[in-house]
Amino acid sequence: MVDITLNQNSKLGSIDRPNSYIGRSLTRDGAIRHLEGGGKFVDDLILPRMVNSAFLRSPYAHAEIKSINISDAQKYPGVIDIFLSEHIDTVCKPWIGVLSHLGEMRSPEQSPLAKKIARWQGEAIAIVIANTRAQAEDAIEAIEVDWVEKEPQINMETALDKDTVVIHKELGNNLFWTRTVEQGDVKKAFKESSTIVEATLDFARHTGVTLETRGIVADWDKSEKKMSIYHNGQAPHMMQHIIAKHFDISEGLVRVISKDVGGSFGIKVHVYGDEMAAIAASKILGRPVKFVADRLESFTTDIHARCHKISGKLGVDKNGKFLSMEINDLSGIGPYSMYPRTSAIETNQVLNLSGSPYIIPNYKAVGTVVFQNKTPMCQYRAVGHPIAVAITEVLVDKAAKKIGMKVEDIRKINFIPDDQYPNKTPSGVPLEDLSHQATMNKLLKIMNVPDLEKQKKLDLEKGILTGIGIISMCEVTNPSPLFYGVGGAHISSQDGASIRLEGSGAVHVSSSITEQGQGTEAIMKQIAADQLGVSMDTIRLTLGDTDATPYGGGTWASRGAGIGGEAVLKAARTLKNNILKIASAIMQTDIDTIDIANNSVIRKNGGEGISLKKLAETVYYRGHEIPQGTNPELIATSSFYIEGIPFVFTNSAMGCQVTVDQDTGLIKINKFWVIEDCGTQINPKLVEEQIRGGVIQGIGGALYEECVYDDQGNMQNATMADYLVPMACEMPDIIVDHVITNSGRSILGAKGAGEAGTGGAPAVIMNAINDALSSMNKEVTSQPITPEKILKAIGKI
Amino acid sequence: MGKGGEEFIMKSPDFCYYEALSIEDAIKFKSNDLESVILAGGQSLVPALNMRLSSPSCLIDISKIKELKNITKDNDFIYIGSAVTHSEVMQNKIIIDHLPVLIDVLDMVAHPAIRNKGTHGGSIAYGDPAAELPAFAVAANAEIILMGLNGIRTIQASDFYHGLFETDIQNDEILTSIKYPILKDNQKILFDEIYRRHGDYAMAGVVANIEILNNEINNLKLVFFATGTKPEVALKTSELIIKDGYDYSNVKNMIKTELDFESDLNSNAEMKLHLATILTNKILKLMET
Amino acid sequence: MQGSKNITINFIINDEIFNNITVPVRQHLGDFLRSIGLTGTHIGCEQGACGACTVELDGKAVRSCLILSSQINGSVIKTVEGLDDTLMKKVKEIFLKHNALQCGFCSSGMLITTKEILNKKKKLNREQIRTEISGNYCRCTGYQSIVDAIEEAIEDNIKDI
């Protein structure tokens, strides 16, 4: 762990000045509330006249609803009402999950509840409103549905075949979206390649498994015509806009409050039909309605992720230089594209990101996204990265081994050199401020590869299969308006911050970024206190309330620090300037002679200053003492978005050492290293914890997690006992270190750090396992890499 | 006409609760209400209730009946009361001194917080094919003591398990204790299992009861679990090993002829057969140490 | 002889005595605790697999989702809200220091589990700590910081022995 970062960013001032907090691993003091049992989660909320809800959900992946009889159920104890699609649709307008800037996307209208046809197992059909959740569930058992089962479309590989069931007749086939990216002349370059390697990789569906399930309390106040929403989401302003639009409420009369959120990871940034139905029920009933998903509902209705089959080809010359890369990715997204982000983005990231650390002059990528009768798939932590990084890094390893180069050497000669930015990914996406060479060099040094190789040899002599893997990767963070906004989605790429000095001398900060445990509260306080020159304990913070914070995108795509943090920095600097102007008037001195430090305006030459408390009291209560014409604003609000490029990229290098048990197929991760370059680190400890948590989620996808379906589209393991999330026993300690290249797109210089671990771990683990299996000339290509797959690969079963 | 959506339910159905005052009291209640079920620790029953996989009329709580909470020993046997929790078993002096392998076995049963409430009798009576204790009881030649309207009866653990979650407990009966023979000096029980995450049900497991005579295996009883519908004794495999020792192919072929393997989410039948074979070898290696 | 669907019972939660409280027998303890405002106990899976709802019942860590309210008659319960002795105050400080939590949803269960670990007054290595908390799911941290914290808490707790 780093206590203080190597100072990092000259634009922020020296690290040894008073109130220098940026770059320090300060404790997240606000987190104490969770240790006291005082967190404020959605399910903790009880409002007067609040009622609970539960959903009748489709037990079939594909079925026609001939009729629904709710009359018996309505008589059950505690039942307030039961609503079907026809009722909900009277207050809620349908939506369509498409964007306009990435070519044609085709997804049908979707309503909160299924109408005539249920298209995945778990799709909501009816909402039962009752006094308690148990009573609502009792009544669900009494709803009679006349189902006619339809043949489900499960397999993505046959989705576009002529004889396959078409899920949405009006679309004619099961294609949602396809895109081809081409740079250079791939065909010619492959012809000129002296060596070509190929790989086909499978990635199973997995899901986010936030420990706190999705939840909402909707409170329609008829008297004020105001909708208050308590929601464990990531983007309050986006929800505000969407609720206003679909429920026909003036946007100013929708308030969305997102306080403590028990993990989100992208799962909670989408619009879900059941949540919309709960809002509709509140609007119809005129009283607060709570919906909190249970774990079974979470597994079958939270968005799933991945579900890709990708083949790739890499052509190299005799020196190991990459000449050409081609990938073809197929992905299945369930029956609808999610709203408002669409379910195209994961594939789009795969097309954009494959090959991204390297110079590959000729590149072609084809993505095809199809519908299935399974839970909808959409953006989850490290969207697309695990697939893009794995196909790239697996091919790179193969090429190295085929031409007899060391895996680190082939990377080194193909990296975009650290001194040649700005540059572009092979797909043509702009890159800047990256450091693949420096991060890889640092990784190799701390891993001590020669020692690991020696150990591997000794192990092999004893019949133990040990493997070493390395990878490099780019991580998409801090998206600009060119990501969603350009495609017509009302998803803000801007974030705002407001800072005010209060009469007590306290500083109040509000930001449009929300807290889900990453440490948003801590870093915003650090930035504000650092830039203003006040102690940490003077700062109070409001997040997650559309009535109380500036407008902004919220927390996703690792944008909180880089975009939201920059807004806080700018607001703090403006407020500081305002304060200094007032102080210079009061103190009758030139503004250049004063500064703020330790909660006071000080004279740089050491004379008597004025405390911020006193200054604020003067402004608020005794304005007559201040020379006339002085601007009395002790509040400043700023906004920030990334300009000129689609994303700010972060880069990482990762390594790991694994042991494969030849008898049982079990894999043990012995060591795991990450070198991350996320630019300025506001709180290094929190950066490291983002990386560690991300790596563990990546290990989950690589080795354990899978939504297992039978051939009828029933999820077989929708419980916490059967779906294998990573638990403490099997997980390694992770060594994290840094290279720091500040982003030139902001003063703060921070990039994101939340996704690299999840994006890179699957690739590095696959490389390490295949390194271990290389002595037997075997490989695995399908994730999760289960013991069964290992034993099959090595011919034991 | 079908009902829909049962599988998305997580709150228990409505049932009533009865705290039994004595074994007799519980038997009487149970025989009067055939839809009622016994609640001991509830660590398997309550999840099933929460998911409405079970809808009993009434739960008969036997966890407070004193006679069911004892661990005793006489010259030849150890008796573990059915309502003794796993944690209590693990900390019991009699078990520590005379059946320590049971502690190693219980260490693999779920997690500490589950073991603090889950009971010995509950796990034996539930008969989960992937659970450790039923196999342990079979391997240890334990007898299951049941009490019903007609009094007490005893049944060999190996006869107690009929099939998937099916046991020999009759409607009017309650499992009161498990009787474990004390191991002879030349006898030991060894245990191993293969799992993906600690505390999960195993992909396959084995409990072996071994008697050594003149440094040779004189008697061997291999019992596999998490392989089929109930703990199964591999008699012929045991004999093969006494005769010929371990050979992967021979042992695998023999296990295949005498056990029925059932695939589950984490391992298919073929995998389980392989793991059962590997486990046999692991047990023999353990024996040598 | 007959069972009932509601039951009137007595118990103590966090040193507060509750007498003659009527609860529906089908409600699990986790839901009951939350219904009386002790919302620090979180419900994660309702099948005993995630550990979020872990509370202390008569001195032992248990899953509150796997215990019916009807079973707590005469019991003494401690929830995260009641962890205010010197030992647990120190443990909370150590958790903060190591950032052994992110979203906080698993924290109450982790703390109760930690309390049970500390009750043993035994030094454990990192692997053993990982085994002890293997029934508590945390999606955010990746566990390392939690292991760091528990390791320090154990050291701190046994240093005077």
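Keep in mind the model is a prediction, meaning the values are calculated, not measured. (Residues numbered from 1 in each chain as written. Chains lettered and ligands numbered in written order. Predicted model: local features only at pLDDT ≥ 70, side-chain atom pairs only at ≥ 80, totals over all residues. Heavy atoms only, no water.)

**Q** I keep staring at helix 3 (residues 107–119) of chain C and nothing clicks. Help me out?
**A** Helical geometry: 3.6 residues make up each α-helical turn, so side chains three or four residues apart lie on a common side. All names here are of chain C. Taking 1.5 Å of rise per residue, the 13 residues of helix 3 would be expected to cover 18 Å, and the 18 Å separating its terminal C-alpha atoms lies within 8% of that figure. In terms of residue burial, helix 3 counts as a mostly covered element, since 12 of its 13 residues are buried. Inspection of helix 3 places Ser107, Ser108, Gly109, Met110, Leu111, Ile112, Thr113, Thr114, Lys115, Glu116, Ile117 and Leu118 among the buried residues, and these make up the whole buried set. Note on helix 3: the residue one or two positions beyond its end, Lys121, has a positive phi of about 50 degrees. (Helix = DSSP H or I, 4+ residues; strand = E, 2+ residues; numbered from the N terminus. Expected span 1.5 Å × (residues − 1). Buried < 20%, exposed > 50% of the residue type's maximum accessible area, 1.4 Å probe, protein only.)

**Q** Whenever I open this one, the domain arrangement of chain A confuses me. Can you help?
**A** Reports of interface size often rely on the accessible area that becomes lost once the parts have come together. Residues and elements named next belong to chain A. Domain boundaries in chain A define domain 1 (10–39 + 494–640), domain 2 (42–150 + 213–261 + 267–301) and domain 3 (304–481 + 644–793). Each of domain 1 and domain 2 has a C-alpha centre, and the two are 40 Å apart. Each partner contributes residues to the interface: domain 1 has 21 residues there, and domain 2 has 19 residues. Of the roughly 1500 Å² buried where domain 1 meets domain 2, counting both sides, 41% is carbon and sulfur surface. Across the pair Asp545 and Arg255 runs a salt bridge, and its minimum N-O distance is 2.5 Å. (Domains from an automatic or database assignment. Contact = heavy atoms within 4.5 Å. Buried area = accessible area lost by both parts, 1.4 Å probe. Salt bridge = Lys/Arg side-chain N within 4 Å of Asp/Glu carboxyl O.)

**Q** Help me understand the pattern of salt bridges in this model?
**A** One side chain can pair with another of opposite charge once the charged atoms of both are near each other. Residue and element names in this part refer to chain A. Enumeration according to the criterion identifies 75 salt bridges over all chains in this entry. Residue Lys309 pairs with Asp202 through a salt bridge whose shortest N-O separation is 2.9 Å. Taken together, the positions of Lys309 in strand 13 (residues 304–316) and Asp202 in strand 8 (residues 195–207) put the pair 107 residues apart, joining distant regions of the chain. Here Asp274 ties to Arg214 by a salt bridge, and the two come within 2.9 Å at their closest N and O atoms.

**Q** Quick question: what am I supposed to make of the nonpolar core here?
**A** Here is a general trend for soluble globular proteins: nonpolar side chains tend to be buried in one another's company. Within the largest apolar cluster, 169 residues are counted, with the highest numbers of intra-cluster contacts made by Leu314(A), Phe672(A), Ile699(A), Leu703(A), Ile765(A), Ile769(A) and Phe95(C). Counting residues per element, this core draws most heavily on helix 18 (residues 756–773) of chain A, which supplies 10 residues. Leaving out residues up to four positions away in the same chain, Leu703(A) has contacts with Ile667(A), Ile669(A), Ile765(A), Ile769(A), Pro784(A), Ile785(A) and Arg196(B). With 72 residues, the next largest nonpolar core counts Ile103(B), Ala130(B), Phe225(B) and Leu38(C) among its residues. (Core = buried A, V, L, I, M, F, W, Y, C linked by side-chain atoms within 4.5 Å.)

**Q** I'm lost on the sheet that holds strand 5 (residues 124–130) of chain A in this one. Help?
**A** Sheets are built from strands that pair by backbone hydrogen bonding, the pairs being arranged parallel or antiparallel. All names here are of chain A. One open sheet accounts for seven strands, arranged 3-5-1-12-9-10-11; its pairing is mixed. Lying at the two open borders of the sheet, with one neighbouring strand each, are strand 3 (79–84) and strand 11 (254–257). The mean inter-strand angle of the sheet, taken between neighbouring strand axes irrespective of direction, is 20 degrees. Looking at chain direction, strand 9 (residues 215–221) and strand 10 (residues 226–231) are connected through six bridges and run antiparallel. Bridging across to strand 10, Asp221 finds its partner in Lys226. (Pairing = 2+ DSSP bridges. Axes fitted to C-alpha atoms, helices over the stretch in contact; angles between N-to-C directions.)

**Q** Looking at this structure, I do not really get unusual backbone geometry. What am I missing?
**A** All names here are of chain A. Cis geometry is adopted by the peptide bond preceding Pro340, which originates at Tyr339 and carries an omega value of -5 degrees. Tracing the backbone shows Pro340 in the loop between strand 14 (322–332) and helix 9 (345–353). Note the cis peptide between Tyr421 and Pro422, where omega equals 0 degrees. One can find Pro422 in the loop between helix 11 (407–414) and strand 16 (423–424). Even without a glycine there, the phi angle at Asp248 is positive, about 55 degrees.

**Q** What am I meant to see in the domain arrangement of chain B here?
**A** Residues and elements named next belong to chain B. The domain boundaries assigned to chain B delineate domain 1 (9–61), domain 2 (69–181) and domain 3 (187–288). In this structure, domain 1 and domain 2 have C-alpha centres spaced 19 Å apart. Taken together, the contact between domain 1 and domain 2 spans 12 residues of the former and 16 residues of the latter. The contact between domain 1 and domain 2 buries some 1100 Å² in all, and 73% of this surface belongs to carbon and sulfur atoms. For the domain 1 face of the interface with domain 2, the top three residues by lost area are Ile27, Lys30 and Gln43, together amounting to 44%. On the surface where domain 1 and domain 2 come into contact, there are three residue pairs in polar contact (both at pLDDT 80 or more). (Polar contact = N/O pair within 3.5 Å; in protein donor to acceptor, adjacent residues only side chain to side chain.)

**Q** I'm lost on helix 2 (residues 86–97) of chain C in this one. Help?
**A** With 12 residues, helix 2 of chain C extends 17 Å from end C-alpha to end C-alpha; this agrees with the ideal 16 Å at 1.5 Å per step. Those residues of helix 2 of chain C that fall on the buried side of the exposure criterion are Met88(C), Val91(C), Lys92(C), Ile94(C), Phe95(C) and Leu96(C). Considering only its buried residues, helix 2 of chain C is in contact with helix 1 (32–35) of chain A together with helix 3 and helix 5 (144–158) of chain C. One or two residues past the end of helix 2 of chain C sits Asn99(C), with phi positive at roughly 55 degrees.

**Q** Sorry if this is basic, but what is going on with the interface of chain C and chain A here?
**A** Taken residue by residue, the interface counts 44 residues in chain C and 51 residues in chain A. Inspection of the region where chain C meets chain A yields seven salt bridges. Taken together, the connections running from chain C to chain A amount to 29 residue pairs in polar contact (both at pLDDT 80 or more). The element contributing the most residues to the side of chain C that touches chain A is helix 2 of chain C, with four residues. Among the residues forming the side of chain C that touches chain A, the class breakdown is 17 nonpolar, 18 polar and nine charged. (Nonpolar A, V, L, I, M, F, W, Y, C, P; charged D, E, K, R; others polar.)

**Q** I keep staring at the packing of helix 10 (residues 385–403) of chain A against helix 11 of chain A and nothing clicks. Help me out?
**A** Any two packed helices are characterised by how steeply their axes cross, that is the angle between the axes, and by the distance between the axes. Residues and elements named next belong to chain A. Direction vectors running N to C along helix 10 and helix 11 enclose 110 degrees, while the axes themselves pass 8 Å from each other. Relative to helix 11, helix 10 is oriented roughly perpendicular. In the crossing of helix 10 with helix 11, the sense of the turn from one axis to the other is right-handed. Within the contact between the two elements, helix 10 uses Glu393, Val396, Asp397, Ala399, Ala400, Lys401 and Ile403 and helix 11 uses Val407, Ile410 and Arg411. For the contact of helix 10 with helix 11, the class distribution of residues is six nonpolar, no polar and four charged. (Parallel < 35°, antiparallel > 145°, perpendicular 65-115°, else oblique. Left-handed = near helix turned anticlockwise from the far one by under 90°.)

**Q** So what exactly am I meant to see when it comes to the packing of helix 14 (residues 520–532) of chain A against helix 15 (residues 560–587) of chain A here?
**A** All names here are of chain A. With their axes 9 Å apart at the nearest point, helix 14 and helix 15 run at an angle of 30 degrees to one another. Looking at the two axes, helix 14 sits roughly parallel to helix 15. The chirality of how helix 14 crosses helix 15 is right-handed. The residues of helix 15 that touch helix 14, namely those facing Ile523, Met524, Ile527, Ala528, Gln531 and Leu532, are Gly560, Ala561, Gly564, Gly565, Val568, Leu569, Ala572, Arg573, Leu575 and Lys576. Partitioned by chemical class, the residues of the contact of helix 14 with helix 15 number 10 nonpolar, four polar and two charged.

**Q** I tried to follow the packing of aromatic side chains on my own but got confused; where do I start?
**A** Aromatic ring pairs are defined here through the distance separating the ring centres and the angle between the ring planes. Residue and element names in this part refer to chain A. Summed over the entire model, instances satisfying the criterion amount to 21 aromatic pairs over all chains. Geometrically, the ring pair formed by Phe176 and Phe371 is tilted, given 5.8 Å between the ring centres and 55 degrees between the ring planes. In this pair, Phe176 sits in strand 7 (residues 175–183) while Phe371 sits in the loop between strand 15 (362–370) and helix 10, placing the two residues 195 residues apart along the sequence. In this structure Phe176 comes out as buried when scored by relative accessible area, which is 0%. Taking the centre distance of 5.7 Å and the plane angle of 75 degrees together, the rings of Phe647 and Phe649 count as edge-to-face. There is no split in this pair, since Phe647 and Phe649 are both buried. Counting every residue linked through ring pairs, the aromatic cluster contains Phe483, Tyr484, Trp556, Phe647 and Phe649. The ring of Trp556 has Arg341 sitting right over it, with the charged end atom 4.3 Å from the ring centre. (Phe/Tyr/Trp six-rings, centres within 6.5 Å; stacked < 30°, edge-to-face > 60°. Lys NZ or Arg CZ within 6 Å of the ring centre and 35° of its normal.)

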